Amino acid sequence: MAYPQCLIDALAQYGVKPTGNVQWDQGVLQLIKQRKKEEANAFLTVAPVITQAEKEIKKTSLMKPDLTNPAIFSAHMELLKYVANEIVLKPQRRKFEIDDDNRNVIIFLLYYFNECHLAETVFPGRGYKLHKHILLQGAVGTGKTMLMQIFSEYLKRTKNPRFFYNVSVTQMVNYYSIHNNIDRFLYNEKESKGFQGNPVSLCLNDIGVDNRPFYGVDTLTIVNDFLHARNEIWTRTSEFDGQFAHLTTNLTNEQLAMKFQQKDEYGRIVDRFKTYNVIPMIGQSRR
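Summarised in this report is the structure supplied together with it.

Definitions and limits used
The residue count restarts for each chain, going from 1 along the sequence in the order it is written. For this predicted model, a pLDDT threshold of at least 70 governs which residues receive local features, and a threshold of 80 or more governs which side-chain atom pairs are given and counted, while totals over whole chains, interfaces and linings are taken from all residues. Excluding hydrogens and water, the side-chain figures rest on all heavy atoms present in the structure. Any carboxyl oxygen of Asp or Glu that lies within 4 Å of a side-chain nitrogen of Lys or Arg is treated as forming a salt bridge with it. Labels follow the DSSP assignment, with helices taken as runs of H or I lasting at least four residues and strands as runs of E lasting at least two, numbered in each case from the N terminus. Type-normalised accessible area, obtained with a 1.4 Å probe on protein chains alone, sets the label of each residue: buried when under 20%, exposed when over 50%, and partly exposed for intermediate values. The arc in question is formed by the directions pointing from the helix axis toward the C-beta atoms. Contacts were defined at the residue level, with two residues in contact if any of their heavy atoms lie within 4.5 Å. Only strands joined by at least two bridges in the DSSP assignment are considered to pair. The axes used here are C-alpha line fits, helices contributing only the stretch in contact, and every angle between their N-to-C directions lies in the interval 0 to 180 degrees. Two aromatic rings, drawn from Phe, Tyr or Trp (for Trp, its six-membered ring), form a pair once their centres lie within 6.5 Å of each other, and the interplanar angle then sorts them: stacked below 30 degrees, edge-to-face above 60, tilted otherwise. Note on terminology: a nonpolar core comprises buried Ala, Val, Leu, Ile, Met, Phe, Trp, Tyr and Cys residues joined through side-chain atoms within 4.5 Å. The term polar contact refers here to a pair of N or O atoms within 3.5 Å; inside protein, the definition further demands a hydrogen-donor-capable atom paired with an acceptor-capable atom, and it admits residues adjacent in sequence only when both atoms are side-chain atoms.

Section: the pattern of salt bridges
- Across all of its chains, the model carries eight salt bridges by this definition.
- Its salt-bridge partner being Lys81, residue Glu78 comes within 3.3 Å of it at the nearest N-O pair. Here Glu78 pairs with Lys81, and both are found in helix α5 (residues 70-88), just three residues apart, close to one helical turn.
- Lys81 sits in the partly exposed class, given a relative accessible area of 30%.
- Overlapping salt bridges, with partners in common, bring together Glu97, Asp99 and Arg286 in one network.

Okay, structure coming up:
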């Protein structure tokens, strides 16, 4: 939307330069007209900050591919297929199959990871949102982990800020058995500066399946701690810049609730699954 010339002219009458933020400048103009010069001056002292913020928002927006453009969407879909066939699945001598069972999920994820608002229209009525994590849910072999591996490689090659690492529950538990903590999967404080922490976005695959004890601590307890901490990281966006913790599972909603209520009698973990876009993966095994 173009900045209104009438607002520029009105501010000029009082010797004020516009910041570029229409709502902000309208507020300044109103204060000046009301002769509240002291308050207006307070607005003007922070105008450079507003101007810089507007520039950063615009720059970030321009860096994102516009997937509302069908040609750009098609190009990214072709790149995704190339990554799937030539990088992720080639060692297995498999081909990436897009069919009625997974097509809309793939389209949703392509929009979602590129922060395109069309993601929220792919599955009408489900309430999926761009700001939520992803939870792929379905039977063994339906392609949940494979799909997240493909998107991880695609995001890395497009230098997308929503890039994430793929890890398994087994990897996290093994790390715990060696280090007696899972900090690398949470705040990553060893890589931090001061007390800031340096968490990264990741996808934890196959939650809720394994429950082997390691030195008196079972897998479910470790995953429970992971989910609590990652929820805190996700909500503290100003500090950690909105890092995500996606999940895959073979369990249904009811099975997840039963599983995690064993370790959380207040139901906090189950309630925090509301911060996920829970996406069913259907069909037969693709293995």
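Topic: helix α11 (residues 253-261)
- Restricting attention to buried positions, one finds in α11 the residues Leu256, Ala257 and Phe260. Angularly, the buried residues of α11 cover 100° about the axis, an arc narrow enough to put them on a single face. Structural note: α11 exposes Glu254 and Met258 on the side pointing more than 90 degrees away from its buried face.
- In this fold, the buried residues of α11 make contact with β1 (133-138), α9 (219-235), β6 (245-249) and α12 (268-272).

Side note on the sheet that holds strand β3 (residues 202-205)
- Within the open sheet, the five strands sit side by side as β2-β3-β6-β1-β7. Their pairing is parallel. The open sheet has two edge strands with one neighbour each: β2 (165-168) and β7 (276-281). Across the sheet, the mean angle separating the axes of adjacent strands is 20° when strand polarity is ignored.
- Across six bridges, β1 lies against β7 in parallel orientation. By the bridge assignment for β7, Gln137 is matched with Pro280.
- Its contacts with the sheet put helix α6 (residues 103-113) on β1, β6 and β7, and the angle it makes with β7 is roughly 155°.
- Here helix α7 (residues 144-157) sits on the sheet in contact with β1, β2, β3, β6 and β7, set at roughly 145° to β1.

Some details on the packing of aromatic side chains
- For the structure on display, the rule yields 14 aromatic pairs.
- Ring centres of Phe108 and Tyr112 lie 5.8 Å apart, and the angle between their planes is 25°; this geometry places the pair in the stacked category. With Phe108 and Tyr112 both in helix α6 and four residues apart, the pair spans about one turn of that helix.
- When the centroid spacing of 4.9 Å and the interplanar angle of 80° are considered together, the rings of Tyr112 and Phe113 count as edge-to-face. Here Tyr112 and Phe113 have matching classes, each one buried.
- Taken together, the ring pairs in this structure connect Phe108, Tyr112, Phe113, Phe123, Tyr128, Phe151, Tyr154, Phe164 and Phe244 into an aromatic cluster.

Quick word on unusual backbone geometry
- At Lys159, a position not held by glycine, the phi torsion is positive, near 55°.
- Within the secondary structure layout, Lys159 lies in the loop between α7 and β2.
- Judged by its relative accessible area of 73%, Lys159 falls in the exposed class.
- Of note, Asp206 is a non-glycine position whose phi angle comes to about 65°, a positive value.
- Here Asp206 is to be found in the loop between β3 and β4 (213-214).

A look at the nonpolar core
- Phe108, Leu109, Phe113, Ile134, Leu147 and Phe151 are the most contacted members of the largest nonpolar core, which has 40 residues in total.
- Secondary structure elements with two or more residues in this core: α5, α6, β1, α7 and β7.
- Setting aside chain neighbours within four positions, we find Phe108 in contact with Ala119, Val122, Phe123, Tyr128, Ile134, Asn277 and Ile279.
- In this structure, Tyr176, Leu204, Leu227 and Ala245 belong to the second largest nonpolar core, which totals 29 residues.

Some remarks on the environment of Lys64
- Within the secondary structure layout, Lys64 lies in the loop between α4 (47-63) and α5.
- Along the backbone, Lys64 and Cys116 are 52 residues apart, and their C-alpha atoms lie at a distance of 8.6 Å.
- Excluding residues within four positions of it along the chain, Lys64 makes contact with Asn114 and Glu115.
- Among the polar contacts made by the side chain of Lys64, one reaches the side chain of Glu115 at a distance of 3.4 Å.

Overview of the pairing of β6
- Burial analysis of β6 places five of its five residues in the buried class, which makes it a mostly covered element.
- Neither face of β6 is left uncovered, since the one carrying Ala245, Leu247 and Thr249 and the one carrying His246 and Thr248 both have all their residues buried.

Take it as geometry only, folks, not as evidence of what the structure does.
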